[in-house]
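# A closer look at the structure
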Amino acid sequence: MSIESESQDSWQVGGVTLASRFLLGSAGYPSPQHLRDAIGASGTQVVTVGLKRTLSAAGDNGFLAIVREALREHGARLLPNTAGCRSAREAVQLAHMARELYDTPWIKLEVVGDEHTLQPDPFELVAAAAQLVREGFTVFPYCTDDLVSCRRLLDAGCPLLMPWGAPIGSGQGLLNPFALRTLRERLPGTLLVIDAGIGAPSHAAQAMELGFDAVLLNTAVAQARDPVRMAHAFRLAVEAGRSAWHAGVMAKQDFAVASTPVSGQPFILEGGA
């Protein structure tokens with residue numbers, strides 16, 4: 001792929017064509033203005049929002065209006081999520097509320113199975129995904145990197161998968177590159193988006209170098225000393241990682257390999273014997 005055509009390296013989900021491969025969360029910013037500026041700096045076309053938070057009495061602080069204004073300004077889309085749900089039933093109910101409130105069939109499906117790690121519950125997740133797909137939703141499932149669970153979500157009708165890199169909000173990066181690489185190799189035609197655990201732009205670049213299609217993160221930008229600058233840094237990292245994947249990252253070697261081989265080449269020694 002030429003450098004010129006990389007600028008048109010778009011992808012599709014739910015019948016929508018996207019150019020940016022950086023999805024951004026909207027929670028925990030120092031101010032609504034920081035959020036608005038970060039959305040612009042990131043170049044994102046998809047912004048997630050937690051419905052439970054927006055429905056709470058003191059949870060808005062004007063941020064939703066800022067998000068909507070920024071979305072209109074940059075041509076981005078809203079992706080509601082079911083963060084905080086502990087069962088398939090609760091997640092399905094919240095998804096229906098999100099569709100009514102935000103007028104979108106898109107839903108980032110989250111069903112927590114463990115309070116300490118916030119690890120997704122694979123059984124409740126699949127059950128909720130199957131029901132929501134039947135009811136016309138485009139389901140973005142937040143899942144682990146388990147290959148079998150991921151296949152079940154695809155069987156349920158999910159158009160993509162969103163496996164974690166590490167526990168949400170931990171900033172630890174890609175804890176199990178082997179499992180993620182396996183997902184990419186075993187599910188070659190599936191859209192894969194790393195979601196959760198990303199802490200630095202280098203982590204995002206690594207995910208893209210592995211061949212993942214996009215990255216979603218929130219805390220690493222929202223809690224940075226300068227969220228706007230960090231959003232731009234992640235934008236560049238995602239683009240660089242994608243470009244590196246297209247270019248073909250060299251295979252690792254267990255031993256040294258001279259970058260300038262001299263074997264069999266004539267050379268001249270200067271000076272006397």
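The structure under discussion appears in the preceding block.
Definitions and cut-offs
Residues numbered from 1 in each chain as written. Predicted model: local features only at pLDDT ≥ 70, side-chain atom pairs only at ≥ 80, totals over all residues. Heavy atoms only, no water. Core = buried A, V, L, I, M, F, W, Y, C linked by side-chain atoms within 4.5 Å. Buried < 20%, exposed > 50% of the residue type's maximum accessible area, 1.4 Å probe, protein only. Helix = DSSP H or I, 4+ residues; strand = E, 2+ residues; numbered from the N terminus. Contact = heavy atoms within 4.5 Å. Phe/Tyr/Trp six-rings, centres within 6.5 Å; stacked < 30°, edge-to-face > 60°. Axes fitted to C-alpha atoms, helices over the stretch in contact; angles between N-to-C directions. Left-handed = near helix turned anticlockwise from the far one by under 90°.

### Here we look at the nonpolar core
L109, V215, L217 and V221 are the most contacted members of the largest nonpolar core, which totals 61 residues. Per-element accounting of this core gives the leading share, seven residues, to helix α5 (residues 88–102). When near neighbours in sequence (up to four residues on either side) are disregarded, V221 contacts F22, L24, Y29, A38, P227, M230, A231 and F234. Core analysis: the second largest hydrophobic core is formed by 15 residues, L18, W106, F140 and A214 among them.

### Notes on the packing of aromatic side chains
Counted according to the given criterion, the structure contains two aromatic pairs. When the centroid spacing of 6.0 Å and the interplanar angle of 35° are considered together, the rings of F22 and F234 count as tilted. Here F22, found in strand β3 (residues 22–24), pairs with F234, found in helix α11 (residues 227–247); they are 212 residues apart in sequence, far enough to count as distant. Of the residues examined, F22 reaches a relative accessible area of 2% and is grouped as buried.

### Side note on the packing of α5 against helix α6 (residues 122–134)
It is at 8 Å that the axes of α5 and α6 come closest, and there the two elements cross at 35°. Here α5 runs over α6; the crossing is right-handed. Across the interface between the two elements, A88, V92 and A95 of α5 pack against E124, A127, A128, Q131 and L132 of α6.

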